[in-house]
Structures are given as structure tokens and as C-alpha cells.
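Residue-level structural notes
Residues per chain, in single letters:
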Amino acid sequence: MFKNLFGQKSDVSGKHQSKPQAKMNVQYSDVLAKFCAQYDVPNLTELVKIEDEQVRLPFKLELLEDELKSINHNLSIQYDYALATLNRSHQNPRAQIKHIIAVASGKGGVGKSTVSVNLARALKQLGADVGVLDADIYGPSIPLMLGLAGQQPEAIDDKWMKPLVSKEGIKTISIGYLVDPKKAAIWRGPMASKALTQLFNETVWGELDYLIIDLPPGTGDIQLTLMQSMPLSTSIVVTTPQNIALADAEKALAMFNELKIPVAGIVENMSVHTCSQCGHQEAIFGEKGGQSLAVGHHTKLLASLPLDIKIRETMDKGDGSGFNSADLFAGYRNIAIKLATSLYLQARNNPAQQSIPVTQVD
Ligand SMILES: Nc1ncnc2c1ncn2[C@@H]1O[C@H](COP(=O)(O)OP(=O)(O)OP(=O)(O)O)[C@@H](O)[C@H]1O
């Protein structure tokens, strides 16, 4: 029988009531509570299950794993990115996706694709199976950012496509792999929506814990159709702190509210710039815009990410190898942990999400 970390319940044999086990459970719960406080996520101690020497966590993080194992090195840790296996892609029999996350921005060029790719990398580092659907039909930059520019997905039986896989193991599909971006850029709304829905439905995604959808900027028909045709778990709105970007980000928030799609929070990108010569810090696009937007819309500021030339260079190279070590990307780990935790809780609190109806797009 599973127990929570406090070990208050036990099975009929009563073997888990022995004092050393109870003490260990309290130690585990202390570590976990400290971790949740550090990352500003809800305390998971009542949820995380322990049986004998097994623990199930909503993500994989070496630091946390090491601390838990320092209490008992025999501890076996397993991971659950949702409490149930959800099939969130009713129209695609070749996809078992637990959580679909839309990344939106009102305004173009604020770093939505950069956030999508680095969030995918951070979730991958948490041990998850991750995919990215590049729905930014008018400026597909995911192929470049994942180091896959110029490649083409393999077709299966003229009906299915195999996603491309980046070096770090992220599955991805983009209109940029299939159509000359110059041609796609002049597609009218219905054509673009149809192409994107097809892209999602005809890809052999297989099993994924998270699929990130990099939406086109704005809040027009294409975004609305896509949102209505996909069973989203949650969304993220990316903005810079600049007033003009914030005003457009409000429209994206309004779109999600209107469609009753949860908003996990706001990512403020390009907040502070540190001069590579003298270290002077400057808020080029203004200050605290993301925070005030979050407060005004009763959502969270997930992170304020720096404006840094190394980020642009890394993204242009499509090379994820710098992601692991660099402090520059640490903010993404925080976002990923917050997201993984909130989706874990969301799936637990709302099992009905397992069968969200999907609108057919003709
Ligand atoms: N924090 C950052 N620091 C430095 N450069 C950044 C940062 N975030 C994004 N960039 C750069 O800014 C440019 C635009 O970013 P990106 O393509 O991610 O924006 P977008 O919102 O997806 O744009 P689009 O509207 O074209 O879809 C890219 O060259 C990217 O490398």
C-alpha cells in the first residue's frame, strides 16, 4: 500500500510503522518541503508517494535525487509527469501526449521561439520526453534553434510523418521542414490553420510527457482555430517588459481566458542586459512590466530572463550543449519545475482533463 511521505497510513501488516521508516519519511518530507520552498512551488509532500524504498516524483532533478538518496542510498526514485496516462490527441492515434503547452505572445520578436526551445530543453533535463510543434507559420525558427535547419521529416505510407529529433532528443515538426517559408508566409488564415492542424495530427509523436506548441505571434483566426482544435493543458505568455509588448501580451491573455485555457504564467524575456565589457546592468526595455501584467491578470510571473548576446548566439547556432552548464539558462529550469509541478497537480485535481473534447477542423 502506498503512503504519503509522512507515513501516517500503513498497510495491514503494519510493517511500515516501524520507527526508522517513519523517521526516514519525515526526513524525505523535510527535503522535499525545502526544495518546494526554494523553487516557489506548492508543497508536494502530501502528494508524493512512498512505498518501502520507492518514491515517485513529478520530475527528475539530480540535486533533489542526491539529497533524498543521502537519507537512504537504496531509495528507488521513479517519475510521473502526470498521475495518469492521458491521451490528449484524440485525432491522432499515433500520439500519446500527457500535456500540451501553448507558448504565445501578442507581439512578434519578443523571444517566444527561444522560450519554447529552451523550455523544451529544461523539461528534457527533468527527465521528460518532450516534443516541439513549430506552429509559427510566418517565421518558423525552431528548425534553426534545434540545429535541424534544412532537414526533412521521413514520410510513412504517404500518410504519416516521423518527427525530426534534435541532438538532445527533442522531437520536433515544423512547417519550415516542409514548405518554403516564403510560400507559407502568404497563406491565408484558413489554409494556415488547416496545415498546422494536419501537422499536429499526422505526426507520429509516440509517447510524450510534454508537447510544446510555439504559436504564431498575435491573436487572430489562426491562433483561435489552433487553440480550439488542440486539447491544451496550459499556456504561457511571453513578453518583454516594454509597454508596447505588454499591451499585446494582454490580448494573448484575453484569448486564453476567452477559450477557458489555463495560463501557467508569464515569462518576461529580455529584462535586464549586462554589458559584456563592464558588467553594467541596464533594463533596456523597461522594468517590472511582466510582474505588473501578472498581478493585473491574477497569474504568475514564471521568470524574468536576461537579454544577453550569448543567448542569441547559442540560439543561432542551434546548439543545446551550452544549455546544461550556463547560469544564463538557469531561469528555464525554474520555469520547467514550476510548470511540471502545476501540471502534475492539475492532472491530479482534474481527472476529467483526460477526455477533453477536440473540435474537428475541416
Ligand atoms: N533573452 C535574449 N537575449 C538575447 N537574444 C534573444 C533573447 N531572446 C531571444 N533573443 C533573440 O531575439 C530574436 C527573436 O527571438 P525569437 O525568434 O525567439 O522571437 P519570437 O517571438 O519567436 O519571434 P517571431 O515573432 O518571429 O516568432 C532571435 O534572434 C533570438 O535569438
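Only a predicted model underlies this, so the values are computations on that prediction, with no experimental measurement involved.

Criteria and cut-off values
Residues numbered from 1 in each chain as written. Predicted model: local features only at pLDDT ≥ 70, side-chain atom pairs only at ≥ 80, totals over all residues. Axes fitted to C-alpha atoms, helices over the stretch in contact; angles between N-to-C directions. Helix = DSSP H or I, 4+ residues; strand = E, 2+ residues; numbered from the N terminus. Left-handed = near helix turned anticlockwise from the far one by under 90°. Contact = placed C-beta atoms within 7 Å. Nonpolar A, V, L, I, M, F, W, Y, C, P; charged D, E, K, R; others polar. Near = placed C-beta within 6 Å. Buried ≥ 20, exposed ≤ 12 C-beta atoms within 10 Å, placed from the backbone. UniProt positions renumbered as here; feature names shortened; annotations may be inferred. Domains from an automatic or database assignment. Parallel < 35°, antiparallel > 145°, perpendicular 65-115°, else oblique. Pairing = 2+ DSSP bridges. Right-handed = clockwise from strand over helix to strand, strands pointing away.

In contact at an axis separation of 9 Å, helix 6 (residues 189–201) and helix 7 (residues 221–229) are set at 30° when each is read in the N-to-C sense. Viewed along their axes, helix 6 and helix 7 form a crossing whose handedness is right-handed. Contacts between helix 6 and helix 7 involve Gly189, Ala192, Ser193, Leu196 and Thr197 on the former and, on the latter, Asp221, Ile222, Thr225, Leu226 and Ser229. The residue makeup of the contact of helix 6 with helix 7, split by class, is four nonpolar, five polar and one charged.

Let us look at the site of the ligand. Around the ligand there are 20 residues in total, and Gly108, Gly111, Lys112, Ser113 and Thr114 lie nearest to it. The set of elements that each furnish at least two residues to the shell around the ligand consists of helix 3 (112–125) and helix 10 (309–317). Across the shell around the ligand, the residue classes tally to seven nonpolar, nine polar and four charged.

Turning next to the environment of Lys300. Summarising the element assignment, Lys300 is placed in the loop between helix 9 (289–296) and strand 16 (301–304). Residue Lys300 is classed as partly exposed on the basis of its C-beta count, with 16 C-beta atoms lying within 10 Å. Along the sequence, Lys300 and Leu246 sit 54 residues apart, while their C-alpha atoms lie 15 Å from each other. Other than its neighbours up to four places away in sequence, Lys300 contacts Gly265 and Ala294.

Here we take up the UniProt feature "binding site: ATP" (unreviewed entry) in the protein. UniProt annotation of "binding site: ATP" (unreviewed entry) refers to Gly106, Lys107, Gly108, Gly109, Val110, Gly111, Lys112 and Ser113 when read in the numbering used here. Topologically, Gly106 is positioned in the loop between strand 5 (95–104) and helix 3. Not counting residues up to four positions away in its chain, the partners in contact with Gly106 are Pro217, Gly218, Thr219, Asp248, Ala249, Glu250, Lys251 and Ala252. When you line up the elements, Gly111 lands in the loop between strand 5 and helix 3. In this structure Gly111 touches Val238, Asn269 and Met270, once residues within four positions along its chain are discounted.

Next up on the list: the domain arrangement of the protein. What the domain assignment lists for the protein is domain 1 (3–79) and domain 2 (95–355). Between domain 1 and domain 2, the contact holds 10 residues from the first and 10 residues from the second. Of the residues in the side of domain 1 that touches domain 2, the class split is nine nonpolar, no polar and one charged.

With phi around 50°, Asp157 is a residue other than glycine that occupies positive phi space. In this fold, Asp157 is placed in the loop between strand 7 (155–156) and strand 8 (160–161). Under the C-beta neighbour-count criterion, Asp157 is labelled exposed, with 5 such atoms within 10 Å. In this structure, His298 is a non-glycine residue whose phi angle is positive, near 50°. Along the chain, the position of His298 falls in the loop between helix 9 and strand 16. A count of 8 C-beta atoms within 10 Å places His298 in the exposed class.

Where helix 3 contacts helix 11 (residues 330–349), the axes come no closer than 8 Å and their chain directions differ by 70°. Relative to helix 11, the element helix 3 lies roughly perpendicular. Viewed along their axes, helix 3 and helix 11 form a crossing whose handedness is right-handed. On helix 11, the residues touching Asn118, Leu119, Arg121, Ala122 and Leu123 of helix 3 are Tyr332, Arg333, Ile335, Ala336 and Ala340. Its residues assigned to classes, the contact of helix 3 with helix 11 shows seven nonpolar, one polar and two charged.

In spatial order, the strands read 9-10-6-11-5-12-13-16; together these eight strands make up an open sheet with mixed pairing. One side of each edge strand has no neighbouring strand; the edge strands of this open sheet are strand 9 (164–165) and strand 16. Here strand 5 pairs with strand 11 (residues 206–214) via eight bridges, running parallel. From the neighbouring strand, Ile100 faces strand 11, where its bridge partner is Leu211. This element, helix 3, spans strand 5, strand 6 (130–134), strand 11, strand 12 (234–239) and strand 13 (263–268) of the sheet and lies at about 155° to strand 11. Against the sheet, helix 9 touches strand 12, strand 13 and strand 16, its axis set at about 160° to strand 13.

Right, let's talk about the pairing of strand 12 for a bit. Where burial is concerned, most of strand 12 is hidden: five out of the six residues are buried. Both strand 5 and strand 12 contribute to a ladder of four bridges, which runs parallel. Paired with Ala104 across the two strands is Val237, which belongs to strand 12. Relative to strand 13, strand 12 is paired through five bridges, and the arrangement is parallel. Within strand 13, the residue paired with Ser235 across the bridge is Val263. Traced from strand 12 through helix 8 (residues 243–258) to strand 13, the parallel crossover comes out right-handed.

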